[in-house]
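Secondary and tertiary structure notes
Read off the chains here:
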Amino acid sequence: MSNYHIKNLEEYFQVYRKSVRNPEVFWEEIAEEHFVWRKKWNSVLNWNKEDARVTWFEGAQLNITENCIDRHLVVNADKTALIFEPNDPTEDYKTYTYKELSVAVNKMANVLKSKGIEKGDRVCIYLPMIPELTIALLACARIGAVHSVVFAGFSSSALASRINDSACKMVITSDGAYRGAKDIDLKSIVDEALISCDSVETCLVVERTKGNVNFVEGRDEWIAPLLDAASDDCPAEIMEAEDPLFILYTSGSTGKPKGMVHTCGGYMVYTAYTFKNVFQYQKGDVYWCTADIGWITGHSYIVYGPLANGATTLMFEGVPSYPSYDRFWDVVEKHKVNQFYTAPTAIRALAKQQVDYVEKHDLTSLKVLGTVGEPINEEAWHWYNDNIGKRKSPIVDTWWQTETGGMMLSPLAYITPTKPTFATLPIPGVQPALMDENGNEISGNSVEGRLCIKHPWPSMARTIWGNHERYKETYFSAYKDMYFTGDGALRDEVGYFRITGRVDDVIIVSGHNLGTAPIEDAINEHPAVAESAIVGFAHDVKGNALYGYVTLKDSGKSRKEENLRKEINQVITEHVGPIAKLDKIQFTNGLPKTRSGKIMRRILRKIANNEMDNLGDISTLLNPDCVEEIIEGRL
Ligand code: WTA
């Protein structure tokens, strides 16, 4: 029996049992059977629990682009690898066959090399969802450069801090970006960021919007003429399985973003395996994930997972509401999409529109629907199932994280019976555990706790760039020898998992993880602000929205509140990005604190969510009086 492709439930249970009994044998067989290696590994797994160091396939050599591109050229050179659907539906869409993708990637790889990029150098990619983004990732991988993609909605200071954290030598960007009716000036955001980034030697610019751009002599250059002149043959750099493939930043509970480091071998094996099994991708299918490649979902399930399987992957530049609310369904019909993978926040926004938007399109090509990024509520699940899947396409509710690299809990389409709002069962090789607050595992079913993973899996992030101590502390210190996810979960009577949400200071707004600390730090930059605290409150489209409690300095108290609110959101936009703007800002005379001076966000969260009847014991606070006042001033 091949372990690579699970075909029915009985097989899933068999494979799962095997994977838990002997994870190394299990992953070794998959790695051996389905991938191209330049050299085999010396050991499958090394796990140093003391230092939280994990390696998979140590000693092996490979290049992930040989698995994602070259090996398909033998029989599938003319198969479509990539479909690019532009923001404006009247602009022609583009396709790349595997051969054409190979040419584009090799050329770009040669351009990077000609600009002095070598194996191990970090390259920051700040691009909209255009083909050059996918090509740039693969070009880096081709020559062993470590890509660090920054979502093109982040502000210049967020971009600068990410560039500096990993000392990127190059930035790849575009003149501008189309997003719905908007035209965003990306290059000027990069220019501002680069004022404080000494490590950057070169900035390559893709032409997209033909807007005016400023060029800094000797640093900035259009990429097109360089690509034209470049050779389409760039030998793949031979990489160790444990060499870094990329860095991707995620929010944490302190101000500084965490640069999660993913490595070549294990990441490839795991993303390819999960893509194949969760979506049950069949030859010839057209697969579309609506995420941005600026997030892990795009890395693993637009680029690497699909291409490693020789799939056709679609990338979409625009937004679900442009030019109207039927854009997703229009694209599904136009490209006869078979697997469609999106986020609950998009589903909720579209479910609010008239159902005509859906009904005027032929969605019969759809076979599998997916969701990711935050818990999906029952109503959204049913709307998706009834209106998009017509109750025929299974919904795979995939739970995972930037840190996990690939899907961890998910139904396998047509195999695992689904249950609304449940991510159901673990992927083979994944050993979830629910823990109580005293560090004990909660056994049995119909229980709830903090979700941990007991045993390493191949695509786990290996470290935080430049800060292994923080990695150890964040993920491996709460529970002995286990990876702590930061999420709460329940296990129902049959053993199905449902994620209940974050248990730390990360708030998920429209599927984007936002740490409270960087937003509070931004607000506190405003000269009139003394102190602030951010919490999430339930929102019917975004899942969570942000509620800010702000204490003003005396100098701010005479100011108009409306103006201050605007200015505060402005500072947040500058420091973090528009996605972190606050929906509500309440001015207070004080924030509830413990006797050691820690802000009690739990109380503030309850007030924001109108759950005043169970605030718990507030008598132990340093300043219990302020709670009354905050309740009175609630927005
Ligand atoms: C949440 C996204 C419920 C969770 C791939 C996790 C989910 C965080 C689901 C990671 C899901 C992701 N159901 N919650 N299916 N998928 N989450 O790093 O809180 O952007 O810890 O990775 O999103 O977000 P990240």
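Residue numbers here run from 1 along each chain, matching the order of that chain's written sequence. Side-chain atom pairs in this predicted model are given and counted only at pLDDT of 80 or more, local residue features only at pLDDT of at least 70, and totals for whole chains, interfaces and linings cover all residues. Excluding hydrogens and water, the side-chain values take into account all heavy atoms of the structure.

In the annotation of an unreviewed UniProt entry, the entry for the protein reads Acetate--CoA ligase, and the organism field reads Lishizhenia tianjinensis. In its Sequence similarities (unreviewed entry) section, the UniProt entry covering the protein states "Belongs to the ATP-dependent AMP-binding enzyme family." UniProt positions are given in the numbering used here, feature names are shortened, and annotations may be inferred rather than shown by experiment.

1. Here we look at the confidence of the model for the protein
The predicted coordinates should not be examined in detail at positions where pLDDT is low. Per-residue confidence for the protein averages 96 on the pLDDT scale, and 99% of its residues sit at or above 70. Confidence of the predictor at the level of single residues is given by pLDDT, which spans 0 to 100. Helix numbering and strand numbering both begin at the N terminus, where a helix is a DSSP run of H or I of at least 4 residues and a strand a DSSP run of E of at least 2. When the elements of the protein are averaged for pLDDT, strand β27 (residues 512–515) gives the smallest value, 91, and helix α6 (residues 131–143) the largest, 99. Note on the complex model: pTM 0.94, ipTM 1.00.

2. Some words on the site of the ligand
Here a residue counts as near a molecule or strand whenever at least one of its heavy atoms sits within 4 Å of it. As a structural note, the neighbourhood of the ligand is formed by 17 residues, with D397, T398, T402, D487 and R502 the closest of them. What qualifies as a polar contact is a pair of N or O atoms within 3.5 Å, subject to a donor-acceptor requirement within protein and to the restriction that residues adjacent in sequence count only when both atoms come from side chains. Measuring from an oxygen atom of the ligand, one finds a side-chain N or O atom of N513 at 3.0 Å. Looking at the shell around the ligand, the elements with two or more residues in it are α11 (296–308) and β25 (497–502).

3. Here's the deal with the packing of α6 against α11
Packing of α6 against α11 brings their axes to within 11 Å, and their N-to-C directions diverge by 60 degrees. Compared by their axis directions, α6 and α11 come out oblique. The interaxial crossing formed by α6 with α11 has right-handed handedness. Across from T134, L137, L138 and A141 in α6, the residues of α11 making contact are H299, V303, Y304 and L307. In this classification, the charged set is Asp, Glu, Lys and Arg, the nonpolar set is Ala, Val, Leu, Ile, Met, Phe, Trp, Tyr, Cys and Pro, and all remaining amino acids, among them Gly, are polar. Tallied by class, the residues present in the contact of α6 with α11 amount to six nonpolar, two polar and no charged. Axis lines are fitted to C-alpha atoms, over the contacting stretch for helices. Their N-to-C directions set the angle, which ranges from 0 to 180 degrees. The scheme is simple: roughly parallel for angles under 35 degrees, roughly antiparallel for over 145, roughly perpendicular for 65 to 115, oblique for anything else. A crossing counts as left-handed when the near helix is turned anticlockwise from the far one by less than a right angle, and as right-handed when that turn is clockwise. Whether two residues are in contact is decided by their heavy atoms: any pair within 4.5 Å suffices.

4. Considering the sheet that holds strand β8 (residues 170–174)
In this description, strands pair whenever DSSP reports at least two bridges between them. Read across the sheet, eight strands follow the order β12-β11-β8-β6-β7-β14-β15-β23 without closing on themselves; strand pairing throughout is mixed. A strand with exactly one partner marks an edge of an open sheet, and here the two such strands are β12 (220–222) and β23 (463–464). Where strand β6 (residues 122–126) meets β8, four bridges bridge the pair, whose relative direction is parallel. The partner of V123 across the bridge, within β8, is M170. Against the sheet, α6 makes contact with β6, β7 (146–149), β8, β11 (202–206) and β14 (244–250), and its axis sits at roughly 175 degrees relative to β6, the strand it touches most.

5. Things to note about the sheet that holds strand β22 (residues 447–453)
Sheet strands line up and pair through hydrogen bonds in the backbone, either parallel or antiparallel. Sheet architecture is open: four strands sit in the order β21-β22-β24-β25, paired in antiparallel fashion. Of all the strands in the sheet, the pair left with one neighbour each is β21 (432–435) and β25. Strand after strand, the sheet turns through a mean of 45 degrees between neighbouring axes, direction not considered. As paired strands, β22 and strand β24 (residues 483–491) are joined by six bridges and run antiparallel to one another. Looking at the pairing, E448 lines up with L490 of β24.

6. Points about the domain arrangement of the protein
Note that the domain bounds reflect an automated or database-derived domain assignment. Under the domain assignment, the protein is made up of domain 1 (96–227) and domain 2 (510–633). For domain 1 and domain 2, the distance between their C-alpha centres works out to 36 Å. Between domain 1 and domain 2, the residue contacts involve five residues of the former and six residues of the latter. A simple way to read buried area is as the amount of 1.4 Å-probe accessible surface that goes missing from two parts once joined, with both sides added. Between domain 1 and domain 2, the buried area comes to about 410 Å², and carbon and sulfur atoms account for 55% of it. Take a side-chain nitrogen of Lys or Arg and a carboxyl oxygen of Asp or Glu: if they are within 4 Å of each other, that pair is a salt bridge. Counting across the domain 1 and domain 2 interface gives zero salt bridges. Inspection of the domain 1/domain 2 interface yields four residue pairs in polar contact (both at pLDDT 80 or more). When grouped by side-chain class, the residues that make up the side of domain 1 that touches domain 2 number two nonpolar, three polar and no charged.

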